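Okay, here's what each chain looks like letter by letter:
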Amino acid sequence: MTESKKNPRANADKQKRFRERQREAGKRQVRGYVTPEALSCYEEIQQKTGWNDNEVLSNSIRLMYAAYRCGQVKLLNEWLKDHNR
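Rules used in this analysis
Residues numbered from 1 in each chain as written. Predicted model: local features only at pLDDT ≥ 70, side-chain atom pairs only at ≥ 80, totals over all residues. Heavy atoms only, no water. Salt bridge = Lys/Arg side-chain N within 4 Å of Asp/Glu carboxyl O. Buried < 20%, exposed > 50% of the residue type's maximum accessible area, 1.4 Å probe, protein only. Helix = DSSP H or I, 4+ residues; strand = E, 2+ residues; numbered from the N terminus. 1 Å grid on protein atoms, 1.4 Å probe; cavity = no way out; pocket = protein on both sides within 12 Å on 5 of 7 lines; lining within 4 Å. Points joined across faces, edges and corners; volume = space filled by probe spheres on them. Nonpolar A, V, L, I, M, F, W, Y, C, P; charged D, E, K, R; others polar.

Asks: Provide a residue-level description of the pattern of salt bridges, including the pertinent values.
Replies: Inspection of every chain in the model, using the stated rule, returns two salt bridges. Where R9 meets D13, a salt bridge forms, and the shortest distance between an N and an O atom there is 3.2 Å. Note on D13: relative accessible area 26%, which makes it partly exposed. For E44, the salt bridge goes to K48, with nearest N and O atoms at 2.8 Å.

Asks: Residues and numbers for the environment of I61, please.
Replies: Here I61 lies in helix α4 (residues 53-69). Taking the relative accessible area as the measure of exposure, I61 reaches 53% and is therefore exposed. Taking C-alpha positions, I61 is 18 Å from K48, a pair spaced 13 residues apart along the chain.

Asks: Describe the layout of surface pockets, with residues and values.
Replies: Volume-wise, the largest pocket comes out at about 780 Å³. Lining the largest pocket are 22 residues; nearest its centre among them are C41, I45, V56, S60 and L80. Along the lines of polarity and charge, the residues of the lining of the largest pocket split into 14 nonpolar, three polar and five charged.

These values are about where atoms sit, not about what they do.
Printed below as a string of C-alpha cells:
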C-alpha cells in the first residue's frame, strides 16, 4: 500500500505546518513567502505604479529579461544593492 493511501491528510498537514512556520518567521504570502523587507519593496512598487499583483509580476519579469538580453543584469543588481533593495 502506498504512503498516500495510508494517510491522505499527511500532505495537507505538512503544508499547514509549512505555512505556520513561514508566518512565525514573519513572512507573508505574495505568490510565495517573502521577507518583511521584500514585502515593503513590493508595497512601495504597488503604491508608486498603481499596478496590481499580476502587473507587478509581469513587469518585473519583463525588466529582468530586458536586462538579461542587454547584458545589464550586473548593472541592475548593483543599482539594487546601492539603493538597499
